[in-house]
Structures are given as C-alpha cells and as structure tokens.
Amino acid sequence: MDKLVIEGGVPLSGEIAVSGSKNAALPALAACLLTAEPVTLHRIPQVRDIRTMLDLIGHVGAEVRVEGGRVMICAGHIESPEAPYELVKTMRASSLVLGPLVGRCGRARVSLPGGCAIGARPINLHVAGLEQLGAEVRQEHGYIQAEAPNGLQGANVQFDRITVTGTEDLLMAAVLARGETVIENAAREPEVADLAVLLISMGARIEGAGTSTIRVQGVTKLRGAEHTIIPDRIEAGTFLIAGALTRGDLTVRGCVPEHLRALIAKLQQAGVEVTEPAPDTLRVRVPGRLKNVDITTEEHPGFATDLQAQFMALMTQAAGISFVTETIFENRFMHAQELARMGANIRLEGRQAIVAGPTPLSGAQVIASDLRASASLVVAALAAHGETVIDRVYHIDRGYEKIESKLAGVGARIRRIQ
Ligand code: EPZ
C-alpha cells in the first residue's frame, strides 16, 4: 500500500495550478448516459473516483475514450442499466447513475452504498424524489430497483434536507420527464450549477440551478455536447490552507474565487492575507501571528464540510481556542486523533472539536481515514518539524490529482513509497 513521506517545515512558495472539480465531473459523466449522442468533457481530473465512474459507465454499455483530461462518452445503447455492488461499494457517488438510467431507460438497478467512514450517508432522499416523479422503487438483495415503464412524470419535490448528489440525481431524472418538475430546498453548490450548464447545452430546459429552487421543463430527447468542468474549489481551498499553514507565499491559479468566499473570509479573520491578483487567482501570505477562528460547516455558500479537516489543521497553529463544528456528517473528525499524534491539542465533544493552539507539530506516522482527512494530514505534515509518513494514501488518490508533483513544484519535500 502506498505511503506519502513528507519532510515538513518548508514554506510553500510560487504558483500551484488547480485541476477540474472531481465532484462536478462525477455527475457530468453520469449525465452522458442521458443521450445516445457523443458528449465530450474537458478538464476531467485523473483521480481514482473518476476512474471508478468511467468503469461504471463502461459497464452499462457506453463507449468511453480518455485522452488526458478530455473524456468522450457515447451511450448509443445502454445494455444493462445496472450499477453493481463492486463499483458502488468503492464510491458512493455511483448512485448518481440512478436518475439518468431511470430517466433514459425507464428502469435501473443500483446497489445500495455501504457504510462510509464519515457517516451513514443513506440515499433515501434520492429514492423519495424519484418516487415523486412516478418511479416504482423496491429494495431487494441490497439493490435499489427503480421502474418507470411509461417514463417519469414531472412533479414538485421538496427535499427534507439539502443533498448535493440527491439534487443532481433528481435533476438528471427530471430533464427527460414529462412536464414540469420543481425541486425545492435544492443544493446550491457550484457543482449543481455546472451540471445544469452541461444539461442545458445538451438541450435540457432548466432554470434556477445554483439557487434553492430549480425548475425543469422536460424534453423528449437530449443531444451530444461539449463542456469544460469547473475548477476544484476544494483542491484550491486545500492549497490555500497549505500556503497559510506553512507561512509561505502561495499563488493558487485557475480557481474561481467566488466559490471560495466562506473560506477566504475565515482565512482573513485568522490573520491570513488573501489577495486576488487575477480573476482566477488567489494568493495567500501570513504577515503576523495566526488567530483563532470558529467555523461551522454548512451547505453552500456556507463553510464547506470538505474543507473542515484542513482548516482544523490550520487552527492547531493559531493562538487561542477554536471551535470547529461539523453539521453535515456525523463522523467527520477522524483526522483529529491523527493530528493529535502530530502534537495538536484537540478535544472532541459530539459534533464539536475544540482546538487549543498553537502547539508545535512534529512529524509522525499517521493513517489517512477518508479523502479530506488525508488532505488535513498532508497540510499538517507540510508544516510539521521532521518526517511524517502517511499510510493509506489511496484515500487521497480518490480526489487529488498529481498531489505530490503539484506540491513539490512549490517547494514541498514530498515523495511516495510503496
Ligand atoms: C457530496 O456528497 C459530495 N460528494 C461530498 O464530497 C460532500 O462532502 C457532500 O456533498 C456535502 O457537501 C460528491 O459531490 C460526489 P449530501 P453527498 O447528500 O451528495 C444526508 C468529498 O470529500 N443524506 O449533500 O453524498 C447525508 O447523510 C465528498 O469530495 C440523507 O440523509 O452529500 C448527509 O448527512 C465526501 N439522505 C447530508 O444529507 C440522502 O438520501 C448531506 O449529504 C442523502 C443525504
């Protein structure tokens, strides 16, 4: 199993580039199943979750061609609208094919995702939404079996709670449903808006994506299209935090500052200087001491849960007590214990982590438990004295493209060993 070895203490400096968004690319790839014509997607990050989704799309019978960051998919004929357990168990986002398959084929069989390191993460809201569009859904043998032999029928769907992939799944089902669908309490994440841009270029009629009410007028058929995925705001945020934590001077290029407003505000409160030298560029420096700041994770445009672990690592170096409250997932503090092994002073009380800083960080052997937890260990290791060895790096490979070479390019001493 691969490990990352990081010799910390080097301030990161120079320019680092952001890849395409994993969480926007996943639904975009699933959306390709909605048309028999070819779809070309650009800026698809080469990470493990994307390879899993491409395997799944190939499994249902679509042709897939990958040329670097460009992916061409043609789902001329869907042989088996089914997502098997082997693929879904390695990536929950596989449930994103449920909506497009029912919409296009009138039936789908998708394995239920298993447990997950960060929480129970059910897909009941995806299912309830599809039922409201007229699908008959049964659960048997660990699979969700959805059928709508006469097609889906538009409806008003009010989500009980905000769900990102649930919104995306339902949006993809609704574009081919008869009549109007209104999705209320929809997720407002930029990834949902990006999916709508792709669907609209395929001929879908959608208004309001990126707000909490999305209106869809169903069409009978979608066509091929070409689309470029938005930059990864979580990768960009991880780099900004790494720049601040190492007290470097780091320029993050190819991002959308608008998608990072909540993080930028918290970084500034913490004493980090954040500037926008160009419309797609952010630069961080730390002129003085880092100050303690409280964060509470929320749906977009609030502070992203996917940046909570990395921000907690930053707060270990801030003077004073910081409260980090996680409201989206019930078990997303696995990194706290590992950060403590590196010298952090963190107490967990239910959904709150209380971080007392600053305490010097020192390199240690640590274990990555999920994607963003691993990212927090990487940023902490970059700032720590001595060598950190991070085990189970496959978690980070799920979502960060070329992490070692990107960080090495701005001065990090980082290498991968087997
Ligand atoms: C998406 O997951 C992201 N994944 C996650 O990123 C991200 O952490 C999360 O949104 C929150 O921003 C992708 O986009 C592929 P949710 P998703 O449905 O859609 C509960 C990463 O690190 N819920 O918005 O699965 C759920 O348990 C990943 O890149 C239900 O109860 O998250 C959670 O508590 C991790 N029933 C809350 O809603 C449902 O049917 C929000 O989850 C669906 C969700």
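Our structure's up above, just so we're on the same page.
In this text the structure is predicted, and so the values were computed from the model without any measurement.

Calculation rules
- Residues numbered from 1 in each chain as written.
- Predicted model: local features only at pLDDT ≥ 70, side-chain atom pairs only at ≥ 80, totals over all residues.
- Heavy atoms only, no water.
- Helix = DSSP H or I, 4+ residues; strand = E, 2+ residues; numbered from the N terminus.
- Rg over C-alpha atoms; globule rule 2.2 N^0.38 Å.
- Buried < 20%, exposed > 50% of the residue type's maximum accessible area, 1.4 Å probe, protein only.
- Contact = heavy atoms within 4.5 Å.
- Areas by Shrake-Rupley, 256 points an atom, 1.4 Å probe, with all protein chains shown as cover.
- Arc of directions from axis to C-beta.
- Pairing = 2+ DSSP bridges.
- Axes fitted to C-alpha atoms, helices over the stretch in contact; angles between N-to-C directions.
- Lys, Arg positive; Asp, Glu negative; His and termini not counted.
- Salt bridge = Lys/Arg side-chain N within 4 Å of Asp/Glu carboxyl O.
- Polar contact = N/O pair within 3.5 Å; in protein donor to acceptor, adjacent residues only side chain to side chain.
- Parallel < 35°, antiparallel > 145°, perpendicular 65-115°, else oblique.
- Nonpolar A, V, L, I, M, F, W, Y, C, P; charged D, E, K, R; others polar.

Q: Tell me about the overall build of the protein, residues and numbers included.
A: When its secondary structure is counted, the protein shows 14 helices and 24 strands. Compactness check: the protein gives a C-alpha radius of gyration of 21 Å against a globular reference of 22 Å for 418 residues, within 12% of the reference. Each principal axis of the C-alpha atoms in the protein carries an extent, and together these give about 65 × 40 × 40 Å. Out of the 418 residues in the protein, the part that is buried amounts to 57%. Taking the contacts inside the protein whose residues are at least 6 apart along the sequence as the reference set, 73% of them involve residues at least 24 apart. In the structure as shown, the protein presents an accessible area of about 16,000 Å², 46% of it carried by carbon and sulfur atoms.

Q: Kindly report on helix H9 (residues 261-269), identifying the contributing residues and their values.
A: Looking only at H9, the buried set comprises Leu-263, Ile-264 and Leu-267. Taken end-on, H9 shows its buried residues confined to a sector of 100°, consistent with a single buried face. Where H9 is buried, its residues touch helix H8 (233-245), strand E16 (273-278), strand E17 (281-285) and helix H10 (308-315).

Q: I'd like to hear about the sheet that holds strand E15 (residues 249-253), residue by residue, with values.
A: Strand order in the open sheet made by the 4 strands is E2-E15-E17-E16, with mixed pairing throughout. Every other strand in the sheet has two partners, leaving strand E2 (13-17) and E16 as the edge strands with one partner each. Neighbour to neighbour, the strand axes of the sheet diverge by 20° on average, direction disregarded. Inspection of the sheet shows E15 paired to E17 by 5 bridges, in the antiparallel sense. Its bridge partner being in E17, Thr-251 is matched across the sheet by Arg-283. Running over the sheet, H8 touches E2, E15 and E17 and is turned about 170° from E15.

Q: Residue-level account of the side chain of Glu-189, with values.
A: Topologically, Glu-189 is positioned in the loop between strand E11 (180-184) and helix H7 (190-201). Buried charge without a partner: Glu-189 forms no salt bridge, and the closest opposite charge is Arg-233, 4.6 Å away. Reaching out from Glu-189, the side chain makes a polar contact with the backbone nitrogen of His-300 at a distance of 3.0 Å.

Q: Before we move on, can you summarise the pairing of strand E1 (residues 3-7) with the specific residues and values?
A: Both E1 and strand E24 (residues 413-417) contribute to a ladder of 5 bridges, which runs antiparallel. Bridge assignment links Ile-6 to a residue of E24, and that residue is Ile-414. Pairing of E1 with strand E23 (residues 387-391), which is carried by 4 bridges, proceeds in the antiparallel orientation. Bridging across to E23, Val-5 finds its partner in Val-389.

Q: Can you break down the packing of helix H4 (residues 98-105) against helix H6 (residues 164-174) residue by residue, with the values?
A: Running from N to C, H4 and H6 cross one another at 10°; their axes reach a closest spacing of 7 Å. Compared by their axis directions, H4 and H6 come out roughly parallel. Contacts between H4 and H6 involve Leu-98, Gly-99, Pro-100 and Gly-103 from the first element and Asp-169, Met-172 and Ala-173 from the second. Classifying every residue of the contact of H4 with H6 gives 4 nonpolar, 2 polar and 1 charged.

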